[in-house]
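Structural description and commentary
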Amino acid sequence: MPTINDQSPADRSRPFLTRIVRLSPFLLIALSAVADAETPAGQRYDRFVAAAPALAAATWGSFGTLVIGLLAVATEVVLALLRDGQVGASAASVIAATVTVTLAASYTSGMRVRRERDLALVRSVARTAQQVVLRPLPDRIGGVGLALYYNAAAEQAQIGGDLYEAVRTPFGVRIILGDVQGKGLPAVEMAAALLGSFREAAYDAKDLPALASRLEIGLQRYAERATSLDASERFATAVLLEVPDDRPEAYLLNCGHPPPVLLRPDGTVRPVEPRVPLPPLNLSALVASDYHPQTVPFGPGDRVLLYTDGVSETRDRRGEFYPLTERLARWTAAPDVELLENLRRDLRRYAGGPADDDVAALVAARLVPPSG
């Protein structure tokens, strides 16, 4: 299933801008030469060629920057011979400045290339981690259609503290969407531990309360093994969803998470608030509570949106929270992927820029059986 991300139009146009910047040193040399050759004596434009290798350092490697610097020097020599018949003191000063800029720019470009290679390696590791921890979801599992919008707020990251998974079990399709407290590697580590527990327990836990208990135990064992000092104090909010194959209903268990939103074919949009508030996972030792799942009608064409607080806590410039239910009411007729794309664009527009928190939103839909 294709995952919607938060790539901006500026990100998509970056390769074109890079090509323009790569050509700019040659354009500067050409314009300087033409301007110097066509203007009356006393007006000098040849000195601008010294800036060409500095421009080259932004997108060219060390060798390319050196070549552009040599081209700038050669251009200055030709201009001096055409203008004065010799390379005089004025031209020699331009050549010296160009050589100095070329050497410095060549070193700078080499450092930039090494940093870009290191960054590419980090991105590759992040993509691999995402594929291992947050595996791509299929378009459908059994009679349930799936669509996902996921975006990590950390710069250059592919994965954050938000998590999701969907599996086919003997009890139907079971889904988790959660949010680990905090950011950075500790949050990713705990998200991986929680997903590992879910993938193991989802297949044989008899119901959602039993599954939540298994997840709680898994996080407690993770805290015992973790090297982080605050691992035992870190928690995760989560929503568990079970869609049985043989009944037009679904079961929800909300552990301190924002309430899912039920969308019906008739245009109804209704948040499913928990009847009994439950604590986040890994806090059972502090808050004694039994797990109370909810049963909601979930027939063909019905959809449920699970999301993290990166959606519900998005604020505009006045500090007002994003009106999720109100916005979803506009898109009830949209297909799942289009609905999430509308949500992505609207969140960015509402906040006035990219999200500053991890964002995950998952639509699970009861598919309409084919007629006949």
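Okay, so let's go over this structure. What you see is a predicted model; the values in this text were computed from it and never measured.

Read across the sheet, five strands follow the order S4-S5-S6-S7-S10 without closing on themselves; strand pairing throughout is antiparallel. What marks the edges here is a single partner per strand, and that holds for strand S4 (162–169) and strand S10 (294–297). Mean inter-strand twist for the sheet, computed between neighbouring axes without regard to direction, equals 20 degrees. Judged from the eight bridges that link them, strand S5 (residues 172–180) and strand S6 (residues 236–243) form a sheet pairing that is antiparallel. Counted as the bridge partner of Ile-175 is Leu-241 from S6.

Taken as a whole and judged by the stated rule, the model has 18 salt bridges. Between Arg-247 and Glu-249 there is a salt bridge whose closest N-O contact spans 3.3 Å. Arg-247 gets classed as partly exposed once you look at its relative accessible area, which sits at 34%. A relative accessible area of 22% places Glu-249 in the partly exposed class. The salt bridge involving Arg-344 is made with Glu-341; its shortest N-O contact spans 2.8 Å. One end of the pair is Arg-344 and the other is Glu-341, both in helix H9 (residues 336–351) and three residues apart, which spans about a single turn. Accessibility expressed as a relative area gives 7% for Arg-344, which makes it buried. Put simply, Glu-326, Arg-327, Arg-330, Asp-346 and Arg-349 are held in one network by salt bridges that share partners.

What follows concerns helix H3 (residues 62–84). Along an α-helix, residues three or four apart share an orientation, since each turn contains 3.6 residues. Taking 1.5 Å as the rise per residue, H3 with 23 residues should run 33 Å; its terminal C-alpha atoms sit 33 Å apart, in good agreement. Within H3, burial applies to Gly-64, Thr-65, Ile-68, Gly-69, Ala-72, Val-73, Thr-75, Glu-76, Leu-79 and Ala-80. Backbone geometry just after H3 places Gly-85 at a positive phi near 80 degrees.

Once that is clear, we can look at helix H6 (residues 208–225). Counted at 1.5 Å a residue, the expected span for H6 with its 18 residues is 26 Å, and the 26 Å between its end C-alpha atoms agrees. Along H6, the residues classified as buried are Leu-208, Pro-209, Leu-211, Ala-212, Leu-215, Glu-216, Gly-218, Leu-219, Tyr-222 and Ala-223. Between a side-chain oxygen at the N-terminus of H6 and the backbone nitrogen of Ala-210 the separation is 2.9 Å; the capping residue is Asp-207.

About the criteria used
- Residues numbered from 1 in each chain as written.
- Predicted model: local features only at pLDDT ≥ 70, side-chain atom pairs only at ≥ 80, totals over all residues.
- Heavy atoms only, no water.
- Pairing = 2+ DSSP bridges.
- Helix = DSSP H or I, 4+ residues; strand = E, 2+ residues; numbered from the N terminus.
- Axes fitted to C-alpha atoms, helices over the stretch in contact; angles between N-to-C directions.
- Salt bridge = Lys/Arg side-chain N within 4 Å of Asp/Glu carboxyl O.
- Buried < 20%, exposed > 50% of the residue type's maximum accessible area, 1.4 Å probe, protein only.
- Expected span 1.5 Å × (residues − 1).
- Polar contact = N/O pair within 3.5 Å; in protein donor to acceptor, adjacent residues only side chain to side chain.

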